[in-house]
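Listed here are the chains, written in short residue letters.
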Amino acid sequence: VSHDLSPSETALMDKESIVGFATDVGGPTSHAAIMARSLEIPAVVGLETISSEVEDGDIVVIDGNNGVVIVEPDEETLNEYKTEEEKFEAVVQKLDQIKELTATTLDDHTIELSANIEFPSDIDSVLLHGAHGIGLYRTEYMYLNKTSFPTEEEQFEAYKTVAQRMGTMPVVIRTLDLGGDKFTSAIDMPKEINSFMGWRAIRFCLTRTDVFKTQLRAILRASVFGNLKVMFPLISNLTELLKAKEILEEVKQGLSHEGLAYNPHISVGAMIEVPSAAITSDLFAKEVDFFSIGSNDLIQYSLAVDRVNEKIAYLYQPTHPAIVRLIKFIVEQGHNNKIWVGMCGEMASSPTLAVLLLGMGIDELSVSAAFLPKVKKVIRSIKYSEARQYVEDCLKFRTSEEVSGYLDSKLLPVL
Ligand code: PEP
Ligand code: MG
């Protein structure tokens, strides 16, 4: 139980010794919460005062499914939660039985279901829950808790392991997304008032091209060991994307000169997570092989709601009509230009929202591994034609509450 947990701290967590956590600050898509989902440990963030309410030695129930924390529960409550925990485990095991099946609707429309990872060791959980690929590898986690940048060899080994373990299944490697709330001790990154809108992700990489090129070399060298794709985060204008692609080509040429093997046709994608990129996604679609929508950031920037601020977490609304329209628009622009469009933000991990995305025609959803079976189950329980109708209906609503209320009413019975 603590006031805050940084991504660096959560990256050091050992699943064997930490059974759950609760914090005062944070929102549902802050990286501590995302990390808890990867580790498959219960967590509740944004409780405001929990760190001052718990004493050493207290018994605490952490109900991550419902966002509830109970300090010093009575015997009856404790027993109820023990039964609840057993039921939850049984549901998880039952759901994992569909891991070999595809995410196919009742009227035979199939989408790709992939998982997000932070470390190569997350692949056990990815395979256990039946993902058919990795839609987001957050490579920056390798850079946290380090006093120097990871070497090309170190990165190559990590990417090669992931490529080999996934075999022919696709693996989208996102280039370094440092900054925002993810910091390394390898360099002195300046403290910024608006760090999420500051020197982060591709902006950092296009300034520190030495660091960027080292990573691209490692990714390209590992690309011959599996089905790797490369994706650039936080692209906000076309010039950045073209510059990143130019550097990728330069790195390829360097490898060719040295006689080192790589996949010259590696797919290149852009994350669509900044409103300017979303609005001009028709232009971006002509320059890449795929889009992956980063809803975590796209929502925070579009709605002006800091994703890690618990005070305004109620305003962080994936079903806001602006978000529904924007995502539908991005998918259409991708398809008009014949590229596939996925989503790797946390929105895709919600079964009801996954149906909305399905209805918009999304091609791939990349989710927290533990949520994958639930998302697959809901997709297998409905018709694509129904999902498309839900989108049509949702586009008529005026508020986030109307959209989410409608989706719940249609989908909670099948969950
Ligand atoms: C996103 O913004 O939706 C995303 C997937 O990237 P991250 O959560 O790492 O910012
Ligand atoms: Mg992001």
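Residues numbered from 1 in each chain as written. Chains lettered and ligands numbered in written order. Predicted model: local features only at pLDDT ≥ 70, side-chain atom pairs only at ≥ 80, totals over all residues. Heavy atoms only, no water.

## A few points about the nonpolar core
We apply this condition: What we call a nonpolar core is a set of buried Ala, Val, Leu, Ile, Met, Phe, Trp, Tyr and Cys residues that are connected through their side-chain atoms within 4.5 Å. For the exposure calls, accessible area comes from a 1.4 Å probe over protein chains only, and a residue counts as buried if that area is under 20% of its type's maximum, exposed if over 50%, partly exposed in between. Contact criterion: two residues are considered in contact whenever any of their non-hydrogen atoms come within 4.5 Å of each other.
Counting residues in each nonpolar core, the largest one holds 111 residues, and the members touching the most others are Phe 232, Ile 327 and Leu 365. When residues no more than four places from it in sequence are discounted, the contact partners of Leu 365 are Ile 111, Glu 112, Leu 113, Ser 114, Met 343, Ala 348, Ala 354, Leu 357, Val 375 and Ile 379. If you look at the next biggest cluster of nonpolar residues, it comprises six residues, including Val 172, Met 271, Phe 290 and Cys 344.

## As for the coordination of the magnesium ion (ligand 2)
To keep it simple, the criterion reads: Coordination here is defined by N, O and S atoms within 2.8 Å of the metal (3.2 Å for Na, K and Ca), and since water is not considered, a site can look incomplete. Under the DSSP-based scheme used, a helix requires at least four consecutive residues in state H or I and a strand at least two consecutive residues in state E, with every element numbered from the N terminus.
Within the first shell, the magnesium ion (ligand 2) binds the protein through Glu 273 (OE) and Asp 297 (OD), at distances of 2.0 to 2.2 Å. Of the two residues, Glu 273 is situated in the loop between β10 (267-272) and α10 (275-279) and Asp 297 in helix α12 (residues 295-303); the sequence distance between them amounts to 24 residues. Take Glu 273 and Asp 297: they sit in the same class, and that class is buried.

## Description of the site of ligand 1
To be explicit about the condition: A single heavy atom is enough: if one lies within 4 Å of a molecule or strand, its residue is considered near that molecule or strand. Within 3.5 Å is the distance limit for a polar contact, defined as a pair of N or O atoms, with the added protein rule that one can donate a hydrogen and the other accept it, and that residues adjacent in sequence qualify only through two side-chain atoms. Note on areas: Shrake-Rupley with a 1.4 Å probe; residue coverage comes only from the protein chains shown. Gly is put with the polar residues, along with every residue not named as nonpolar or charged; the nonpolar set is Ala, Val, Leu, Ile, Met, Phe, Trp, Tyr, Cys and Pro, and the charged set is Asp, Glu, Lys and Arg.
As a structural note, the neighbourhood of ligand 1 is formed by 17 residues, with Arg 138, Arg 174, Gly 294, Asn 296 and Arg 307 the closest of them. One nitrogen or oxygen atom from the side chain of Arg 138 is found 2.8 Å from an oxygen atom belonging to ligand 1. Within the contact set of ligand 1, an oxygen atom lies 2.8 Å away from a side-chain nitrogen or oxygen of Arg 174. For ligand 1, the accessible surface in isolation is 290 Å², of which the surrounding protein chains cover 100%. Within the residue set of the shell around ligand 1, elements represented by two or more residues are α2 (31-39), β7 (134-138) and α12. Residue composition of the shell around ligand 1, grouped by class: four nonpolar, five polar and eight charged.

## Observations regarding the pairing of strand β3 (residues 60-63)
Note the threshold: Two strands are said to pair when DSSP picks up at least two bridges between them.
In β3, alternate side chains face the same way, and those of Val 61 and Asp 63 are buried while those of Val 60 and Ile 62 on the opposite face are not. In terms of strand pairing, β3 meets strand β4 (residues 68-71) through four bridges, oriented antiparallel. Bridge pairing in β4 links Val 61 to Ile 70. Here β3 folds back onto β4, and the loop between the two strands holds four residues, one of which, Gly 67, carries a positive phi near 65 degrees.

## A look at the packing of aromatic side chains
To keep things clear, this is the line we draw: Only centres within 6.5 Å qualify two rings of Phe, Tyr or Trp (six-membered ring in Trp) as a pair; their planes then separate them into stacked at under 30 degrees, edge-to-face at over 60, and tilted for everything else.
Evaluation of the coordinates by the stated rule reveals 10 aromatic pairs. For the ring pair Tyr 137 and Tyr 159, a centre distance of 5.8 Å and an interplane angle of 85 degrees mean the geometry is edge-to-face. Of this pair, Tyr 137 sits in strand β7 while Tyr 159 sits in helix α6 (residues 152-166); the two residues are 22 residues apart in sequence, bridging distant segments of the chain. Residue classification places Tyr 159 among the buried positions, given a relative accessible area of 0%.

## Looking at the pattern of salt bridges
Formally: Any Lys or Arg side-chain nitrogen found within 4 Å of a carboxyl oxygen on Asp or Glu counts as a salt bridge.
Counting across every chain of the model gives 25 salt bridges. Glu 140 is the partner of Lys 182 in a salt bridge, and the nearest nitrogen-oxygen pair spans 2.8 Å. Pair noted here: Lys 182 is in the loop between β8 (170-174) and α7 (201-207) and Glu 140 is in the loop between β7 and α6, with a separation of 42 residues, a long-range link. Each member of the pair, Lys 182 as well as Glu 140, carries the same accessibility label: buried. Shared partners join several salt bridges into a network, and the residues in it are Glu 140, Arg 174, Asp 177, Lys 182, Arg 200, Asp 297 and Arg 307.

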